[in-house]
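The residues making up each chain are set out below.
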Amino acid sequence: YGVLVRLTGREHPPMAVFAVVAVAAMAVALLAARRCLAESDELGALAAVAFGGLLVSPISWTHHWVWMCPALLVLALRRRFAALLFVAACGFVAPMWFVPSTNQAELHEQWWQQLLCALYPICAVVFFGAVLVRSRSVTTAMRREYAAIY
């Protein structure tokens, strides 16, 4: 929702646009969760659904994105190191704190400020992509790792 606020420059973006984006985000989240469950990855499914909820929520504060932590474990076990580094770096740096956010400044941000503020939702999309791309060797290795943990 926040990304739509910034992109449209309106405090309340058009509901039809939000509805389409929300349905698409949840569809991708559920596809990712289904893929994870098919691979016996309950933690990945949980992270996917959590990210979906964050993407469609009208309010998702930075502390709600704590779901990056289990997502990092899933990415590490799946050996998706590029995605792991990206999500970890965004979570660590928290770039949205480097742009003005008072007096509705978010309605008038430059493109690069909008990009910084959209990095957490982009992390969710990166996570979805990482779990939706199937790799037999990664799946087999992940099952071995999970078996060792449990």
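So, here is what we can say about the structure in this document. The structure displayed is predicted, hence computed values, not measured ones.

## Side note on unusual backbone geometry
Then step 1. In this structure, serine 40 takes a positive phi of about 60 degrees despite not being glycine.
Then step 2. Relative to the helices and strands, serine 40 resides in the loop between helix H2 (15-38) and helix H3 (42-56).
Then step 3. Under the relative-accessibility criterion, serine 40 is labelled partly exposed at 41%.
Then step 4. Positive phi is not limited to glycine here, since arginine 79 has a value of about 60 degrees.
Then step 5. You can see arginine 79 is positioned in the loop between helix H4 (68-77) and helix H5 (81-93).
Then step 6. By relative accessible area, arginine 79 is classed as partly exposed at 39%.

## Re the packing of H4 against helix H7 (residues 119-132)
Then step 1. Look at H4 against H7: their axes get within 11 Å of each other, and the N-to-C directions meet at 30 degrees. Considered as vectors, H4 and H7 are oriented roughly parallel to each other. Crossing handedness for the pair H4 and H7: left-handed. On H7, the residues touching Met68, Ala71, Val74 and Leu75 of H4 are Tyr120, Cys123, Phe127, Ala130 and Val131.

## Looking at the packing of aromatic side chains
Then step 1. All told, the structure shown has 4 aromatic pairs when counted by the stated rule.
Then step 2. Consider the rings of tryptophan 65 and tyrosine 120, whose centres lie 5.7 Å apart with planes at 50 degrees: the pair is tilted. Taken as a pair, tryptophan 65 in the loop between H3 and H4 and tyrosine 120 in helix H7 lie far apart in primary sequence, 55 residues in all. The pair tryptophan 65 / tyrosine 120 is uniform in exposure class, with both members buried.

## Re the pattern of salt bridges
Then step 1. For the structure on display, the rule yields 2 salt bridges.
Then step 2. Residue glutamate 39 pairs with arginine 78 through a salt bridge whose shortest N-O separation is 2.7 Å. Linking glutamate 39 in the loop between H2 and H3 with arginine 78 in the loop between H4 and H5, this pair joins segments that are 39 residues apart in sequence. There is no split in this pair, since glutamate 39 and arginine 78 are both buried.
Then step 3. For the salt bridge of aspartate 41 with arginine 78, the shortest nitrogen-to-oxygen distance reads 3.2 Å.

## Digging into H7
A turn of α-helix holds 3.6 residues, and therefore any two residues three or four places apart point the same way.
Then step 1. Spanning 14 residues, H7 covers 20 Å between terminal C-alpha atoms, matching the ideal 20 Å at 1.5 Å per step.
Then step 2. Inspection of H7 places Leu119, Tyr120, Pro121, Cys123, Ala124, Phe127, Phe128, Ala130 and Val131 among the buried residues, and these make up the whole buried set.
Then step 3. Along its buried surface, H7 packs onto helix H1 (2-8), H2, H3, H4, H5 and helix H6 (111-117).

## Side note on the side chain of aspartate 41
Then step 1. Examined against the element boundaries, aspartate 41 turns out to sit in the loop between H2 and H3.
Then step 2. Within the local environment of aspartate 41, its side chain forms a polar contact with the backbone nitrogen of glycine 44, the two atoms lying 2.8 Å apart.
Then step 3. Separated by 3.2 Å, the side chains of aspartate 41 and arginine 78 make a polar contact.

## A closer look at the environment of isoleucine 122
Then step 1. If you trace the backbone, isoleucine 122 turns up in helix H7.
Then step 2. For the pair isoleucine 122 and phenylalanine 86, spaced 36 residues apart in the sequence, the C-alpha separation amounts to 9.7 Å.
Then step 3. Beyond its immediate sequence surroundings of up to four residues, isoleucine 122 is in contact with Phe86 and Leu115.

Scoring rules and cut-offs
Residues numbered from 1 in each chain as written. Predicted model: local features only at pLDDT ≥ 70, side-chain atom pairs only at ≥ 80, totals over all residues. Heavy atoms only, no water. Helix = DSSP H or I, 4+ residues; strand = E, 2+ residues; numbered from the N terminus. Buried < 20%, exposed > 50% of the residue type's maximum accessible area, 1.4 Å probe, protein only. Axes fitted to C-alpha atoms, helices over the stretch in contact; angles between N-to-C directions. Parallel < 35°, antiparallel > 145°, perpendicular 65-115°, else oblique. Left-handed = near helix turned anticlockwise from the far one by under 90°. Contact = heavy atoms within 4.5 Å. Phe/Tyr/Trp six-rings, centres within 6.5 Å; stacked < 30°, edge-to-face > 60°. Salt bridge = Lys/Arg side-chain N within 4 Å of Asp/Glu carboxyl O. Expected span 1.5 Å × (residues − 1). Polar contact = N/O pair within 3.5 Å; in protein donor to acceptor, adjacent residues only side chain to side chain.

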